[in-house]
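Structural characterization, general
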Amino acid sequence: QLFGGSKSESAMPNDAPRGLYIYGDVGTGKTTTMDLFYDTIPTEKKRRIHFHAFMLDVHARMNSFRRTHSPKDDAVPTIARELADNAHVLCFDEFQVTDIADAMVLRRLVTELFQNGVVIVTTSNRHPDELYKNGIQRESFLPCIDLLKERCEVVSLDSGTDYRKIARETESVYFSPITADTNKVLHALFALASNGAAVETDVPVRFLGRTLNVPIAAGGVARFNFDQLCKDAHSAADYIELAKYFHTILLTDVPVMHMSDRNEARRFITLIDALYESHAVLFMSAETDIYSLFTGGAEIDSFREQQQQQQQASQQGEGSSPAAPTTQSVMAYAGEEEVFAFQRAISRLVEMSSRRWIMAGRNPALAENAVQQEQQHQEQSDYDRSGSGGSQMRSAA
């Protein structure tokens with residue numbers, strides 16, 4: 001009855017089925033599985049959205065509600081009803097909670113959505129018990145976790161294989177180290193990707209009452225350096241809108257990021273998520289290869305080892321008391337989220353470098369070029385096979 005599209009389509013059922021919470025390591029097929037499910041649901045009352053974009057929508061609805069209602073009025077039940085009216089099934093990609101503002105809203109919104117009969121299907125890199133780990137006032141968020149586990153079937157999809165990294169034909173899209181030759185290559189790629197369109201500077205992109213200035217743009221291609229896009233204070237909304245306006249991004253001068261660069265790393269991760277979701281093409285020059293761009297994991301491991309040694313030394317001393325948490329230890333615990341998210345970003349960057357990604361992308365000039373290269377590769381492969389076959393036949397004769 002929920003998905004049948006019958007006359008009860010407009011009314012939410014009282015006995016809505018349980019949802020699905022799919023979690024696992026990066027590149028194990030979680031999003032593909034959810035998308036297959038979404039595509040086969042026989043109802044129009046469904047919505048599939050990246051979790052970043054969903055929370056931006058929720059916050060925008062809350063701001064709109066506050067402008068037309070008393071400060072005492074509660075926006076969450078109204079927003080939940082609006083969402084439920086539009087979608088009986090909500091599919092979220094990359095469910096994650098990293099700040100207290102989202103945590104406090106979700107604590108009540110998830111409850112209201114379930115009470116309105118909404119079925120939630122979501123993917124995440126974390127088990128529900130790991131959501132908002134070490135977050136501020138996390139105890140207030142725990143009821144939300146309990147509710148997700150109660151109303152959703154929790155399924156691990158962790159095969160140990162990152163399918164995005166399985167060998168495939170790749171394009172040269174990431175360049176390191178940063179040299180004069182690298183800059184020349186990126187300049188040529190900009191011309192190819194923009195199909196020779198006229199170059200503009202300081203192009204304003206306006207949305208939600210804000211303006212994002214694009215330093216260099218042409219034919220749906222935008223070029224930034226790392227500081228402009230990741231060091232300056234930008235939000236997920238900025239990156240999502242940027243990916244709507246431009247099908248190709250050139251990002252230059254990406255440095256190695258350390259634990260002290262967690263804000264920049266988080267923005268970089270959010271940018272990659274937005275480009276991935278919109279199927280944009282990314283060209284990038286970096287200080288090192290993509291696998292070595294974030295040192296947070298090694299820094300945390302080193303700190304953990306030092307902390308363990310200090311604890312052992314402390315236990316050997318008589319009458320010693322446990323050391324109070326230090327700023328470094330707090331940063332280490334908080335940085336685990338960035339380390340985890342950066343692994344996802346690397347996996348996505350690998351997939352975004354594939355020829356298949358560019359062929360299916362939104363840039364027609366690059367797609368056509370990739371198709372031609374694929375045809376040339378196939379012709380060469382056919383030739384090699386036929387030549388090898390001929391040699392074997394001659395040897396047998």
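Residues numbered from 1 in each chain as written. Predicted model: local features only at pLDDT ≥ 70, side-chain atom pairs only at ≥ 80, totals over all residues. Heavy atoms only, no water.

**Remarks on the overall build of the protein chain**
In terms of helices and strands, the protein chain carries 13 helices and eleven strands. Within the protein chain, the proportion of its 397 residues that are buried is 44%. Put simply, 80% of the contacts in the protein chain that link residues at least 6 apart link residues at least 24 apart. Surface summary for the protein chain: the accessible area is close to 20,300 Å², and the carbon and sulfur share equals 50%. (Helix = DSSP H or I, 4+ residues; strand = E, 2+ residues; numbered from the N terminus. Buried < 20%, exposed > 50% of the residue type's maximum accessible area, 1.4 Å probe, protein only. Contact = heavy atoms within 4.5 Å. Areas by Shrake-Rupley, 256 points an atom, 1.4 Å probe, with all protein chains shown as cover.)

**Focus: the environment of Asp93**
Looking at the element boundaries, Asp93 is found in strand 3 (residues 89–93). Sequence separation of Asp93 and Arg48 is 45 residues, and the distance between their C-alpha atoms is 7.8 Å. Non-local contacts of Asp93, meaning those with residues more than four positions away in its chain, are made with Thr31, Met34, Arg48, Ile49, His50, Phe51, Thr123, Glu277 and Arg348.

**Focus on the pattern of salt bridges**
Under the defined criterion, the tally for this structure stands at 19 salt bridges. In this structure, Arg48 engages Asp35 in a salt bridge whose closest nitrogen and oxygen atoms are separated by 2.9 Å. Of this pair, Arg48 sits in strand 2 (residues 46–50) while Asp35 sits in helix 1 (residues 30–40), and the two are 13 residues apart along the sequence. Residue classification places Arg48 among the partly exposed residues on the basis of a relative accessible area of 25%. Between Asp273 and Arg348 there is a salt bridge whose closest N-O contact spans 3.0 Å. (Salt bridge = Lys/Arg side-chain N within 4 Å of Asp/Glu carboxyl O.)

**Quick word on the pairing of strand 7 (residues 200–207)**
Both strand 7 and strand 8 (residues 210–218) contribute to a ladder of seven bridges, which runs antiparallel. Considered in strand 8, the bridge of Pro204 is made with Asn213. (Pairing = 2+ DSSP bridges.)

**Brief notes about the sheet that holds strand 3**
Ordered by their spatial adjacency, five strands build an open sheet running 2-3-4-1-5, and the pairing between neighbours is parallel. Each of the sheet's edge strands pairs with one partner strand only, and the pair in question is strand 2 and strand 5 (152–156). Ignoring strand direction, the axes of neighbouring strands in this sheet form an average angle of 10°. The pairing of strand 1 (residues 19–23) with strand 4 (residues 119–124) spans four bridges and is classified as parallel. Residue pairing across strands places Leu20 opposite Val121, the latter belonging to strand 4. Helix-sheet contacts for helix 2 (residues 51–68) involve strand 2 and strand 3, and the interaxial angle to strand 2 is about 105°. (Axes fitted to C-alpha atoms, helices over the stretch in contact; angles between N-to-C directions.)

**Overview of the environment of Phe283**
Structurally, the position occupied by Phe283 is in strand 11 (residues 281–286). Considering only alpha carbons, one finds Phe283 and Leu250, 33 residues apart in sequence, at a separation of 4.7 Å. With residues up to four places along the chain from it excluded, the contact list for Phe283 reads Ser172, Val173, Leu186, Leu189, Ala193, Thr248, Ile249, Leu250, Leu251 and Leu366.

**Some points on helix 9 (residues 262–277)**
A rise of 1.5 Å per residue sets the reference length of helix 9, with its 16 residues, at 22 Å; its end C-alpha atoms lie 22 Å apart and thus fit the reference within 8%. When you tally the buried positions in helix 9, you get 13 out of 16 residues, the bulk of the element. (Expected span 1.5 Å × (residues − 1).)

**With respect to the packing of aromatic side chains**
Taken as a whole and judged by the stated rule, the model has eleven aromatic pairs. Here Phe54 and Phe92 contribute two aromatic rings whose centre-to-centre distance is 4.5 Å and whose plane-to-plane angle is 50°, an arrangement assigned as tilted. Linking Phe54 in helix 2 with Phe92 in strand 3, this pair joins segments that are 38 residues apart in sequence. Overall, the relative accessible area of 1% leaves Phe54 in the buried class. On the basis of relative accessible area, Phe92 is assigned to the buried category, the value being 2%. Judged by centre distance (5.8 Å) and plane angle (20°), the ring pair of Phe268 and Phe342 falls under stacked. (Phe/Tyr/Trp six-rings, centres within 6.5 Å; stacked < 30°, edge-to-face > 60°.)

**Let's talk about the sheet that holds strand 7**
A sheet is described by the order of its strands in space; here six strands give the open sequence 6-11-10-9-8-7, paired in mixed fashion. Two strands lie at the open edges of the sheet, namely strand 6 (174–175) and strand 7, each paired on one side alone. Each of strand 7, strand 8, strand 9 (221–225) and strand 10 (248–254) touches helix 8 (residues 236–245); the most contacted strand, strand 7, lies at about 115° to it.

**Re the pairing of strand 9**
Each regular strand shows side chains that alternate between the opposite faces of the sheet. Counting buried positions over the five residues of strand 9 gives four, a clear majority of the element. Pairing of strand 8 with strand 9 involves three bridges; the strand directions are antiparallel. Residue Ile216 lies in a different strand from strand 9, and its bridge partner there is Arg223. Here strand 8 folds back onto strand 9, and the loop between the two strands holds two residues, one of which, Gly219, carries a positive phi near 50°.

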